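Commentary on secondary and tertiary structure
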Amino acid sequence: LGKGYCEGQLGRHDQALEDLTAANRMLPNAIAAEQIADIQQKQGRTAEAKRALLQLMAVTGDRNVWAGKRYVELDLDSNPEFYFVAASRVRDGEFMTLITNQSGLPVSGLDVRFTATVNGELLDETISTGQLDGESQVELLPGWSIDEGDEVKDVYVRVVLVRRR
């Protein structure tokens, strides 16, 4: 474990990963998992870094909270639908969606894509938002008028881009 940590500090990442992985195999521990995740992130190996963070999140103590936040930072761009929840409805004849940031991380903006079929016509709109703090909400209006008798099908609202601060 100590050798792997030192190798990582010296920038010898391949050797550090080898040593830390061996130490973690013998005795799984938070220090090795944290160092493995850090090195893998530096090497652009996001999936492997997320796996190490998942292991660390299973450990009891303050490191699992840190690992959870770090995991969200790595996962946010590839899975925004896990962190930004959309709730849509028609209000006063206009389609609207409330997007809730559940990531806990502030973002400088989102691109949200709306698609639906209304009376047989495909509607497709993308709206950009301003910044959102962690745990905040924003109301979005794609400009669709929906009357009571309209046939509305295949409504899909999703965050397609997260802009970081």
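Use the structure listed above.
In this report, we go over the structure that sits alongside the text. What you are looking at is a predicted structure, and each value in this text was computed from that prediction instead of being measured.

**Some points on the nonpolar core**
F84, L110, V112 and F114 are the most contacted members of the largest nonpolar core, which totals 38 residues. Put simply, the parts of the chain that give this core at least two residues each are α2 (13–26), α3 (30–42), α4 (46–57), α5 (62–75), β2 (94–101), β3 (107–118), β4 (121–128) and β6 (152–164).

**A short note on the pattern of salt bridges**
Considering all chains together, one arrives at 13 salt bridges under this definition. Between D38 and K42 there is a salt bridge, and its shortest N-O distance comes to 3.3 Å. With D38 and K42 both in helix α3 and four residues apart, the pair spans about one turn of that helix. By relative accessible area, K42 is classed as exposed at 56%. In this structure, R70 and D38 form a salt bridge, with 3.3 Å as the shortest nitrogen-oxygen distance. With R70 in helix α5 and D38 in helix α3, this pair connects stretches of sequence that are 32 residues apart. Each of K3, E7, R12 and D19 takes part in a single network of salt bridges with overlapping partners.

About the thresholds
Residues numbered from 1 in each chain as written. Predicted model: local features only at pLDDT ≥ 70, side-chain atom pairs only at ≥ 80, totals over all residues. Heavy atoms only, no water. Core = buried A, V, L, I, M, F, W, Y, C linked by side-chain atoms within 4.5 Å. Buried < 20%, exposed > 50% of the residue type's maximum accessible area, 1.4 Å probe, protein only. Helix = DSSP H or I, 4+ residues; strand = E, 2+ residues; numbered from the N terminus. Salt bridge = Lys/Arg side-chain N within 4 Å of Asp/Glu carboxyl O.

As far as function goes, none of this settles anything; it's purely spatial.
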